[in-house]
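Letter by letter, the chains look like this.
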Amino acid sequence: MYIPGECGVGKTRNLYGVYRVFRANFKGDIYLKFTNITDFFSGLKQTFDGQDSEQQIIDIIKTDDILFIDDFGVEKLSEWNLEAAYRLINHRYEYLKPTFISSNLSLKKIAERMGDRFSSRIAEMCEVIKMEGKDRRLK
């Protein structure tokens, strides 16, 4: 599932709600992971101090049965994190791993910002459910 929408419309809340339903119904049967994309990159960068290797972190995320990624596309772009994000999305695409993604960006904007390889894979592996509305945080 790919959930694009403007800031504050409830994407994270709904994504986390789906995560909680899965967690409540599949205890011990499947491995779930919920991560914000900036936390994912921060975790990778922390491996540079020698605690874990970058590949170990990516392998852990890639092998989760169901992965929930919040705020995809908000990260500062560099060659390094574009490659890491591509490896993550491509692996989940190739191995048909269920992946739920929220983003402030439409697939068209993902293509413009990150490249067609991202938007094409996400479009094929996810059902797109656009969230619309006003920013609930500004009320």
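The sections below set out a description of the structure shown in this document. Per chain, the residues get numbers from 1 upward, laid out in the order the sequence is written. At least 70 in pLDDT is required for a residue's local features to be given in this predicted model, at least 80 for side-chain atom pairs to be given and counted, and no such filter applies to totals for whole chains, interfaces and linings, which use all residues. Where side-chain values are given, they derive from all heavy atoms of the structure, hydrogens and water being excluded.

**Notes on helix α6 (residues 116-125)**
Convention followed: Relative accessible area decides the class of each residue, using a 1.4 Å probe on protein chains only: under 20% of the type maximum gives buried, over 50% gives exposed, and in between gives partly exposed. Helix numbers and strand numbers start at the N terminus; a helix is a DSSP run of H or I with at least 4 residues, a strand a run of E with at least 2. Here the arc refers to the set of directions running from the helix axis out to each C-beta atom. By definition, residues are in contact when any of their heavy atoms lie within 4.5 Å.
Along α6, the positions that sit buried rather than exposed are F118, S119, R121 and I122. Around the axis of α6, the buried residues are gathered within 170° of arc, so they sit on the same side. Exposed positions of α6 whose direction lies more than 90 degrees from the buried face are D116 and E124. On its buried face, α6 is in contact with β1 (2-4), α4 (79-94), β4 (99-103) and α5 (107-114).

**Concerning the pattern of salt bridges**
Put simply, the test is: The rule for a salt bridge is simple: a side-chain nitrogen of Lys or Arg has to be within 4 Å of a carboxyl oxygen of Asp or Glu.
Throughout the structure, instances matching the rule amount to two salt bridges. A salt bridge links E83 to R87, with the nearest nitrogen and oxygen atoms 3.9 Å apart. With a gap of four residues between them, E83 and R87 both fall in helix α4, about one helical turn apart. Between K109 and E112 there is a salt bridge whose closest N-O contact spans 3.7 Å. Here K109 and its partner E112 are both found in helix α5, three residues apart, which amounts to about one turn of the helix. Classification of K109 as partly exposed rests on a relative accessible area of 44%.

**Thoughts on the sheet that holds strand β2 (residues 32-36)**
Condition: If DSSP finds at least two bridges between two strands, the strands pair. All axes are obtained by fitting lines to C-alpha atoms, using only the stretch in contact for helices, and the reported angles, taken between N-to-C directions, cover 0 to 180 degrees.
Reading across the sheet, the four strands line up as β1-β4-β3-β2 and stay open at both edges, with parallel pairing between neighbours. Either end of the sheet is taken by a strand with one partner, and the two such strands are β1 and β2. Averaged over all neighbouring strand pairs, the angle between strand axes comes to 10°, with direction disregarded. Bridge count between β2 and strand β3 (residues 66-70): five bridges; the pairing is parallel. Across the sheet, the residue bridging to F34 is F68, located in β3.

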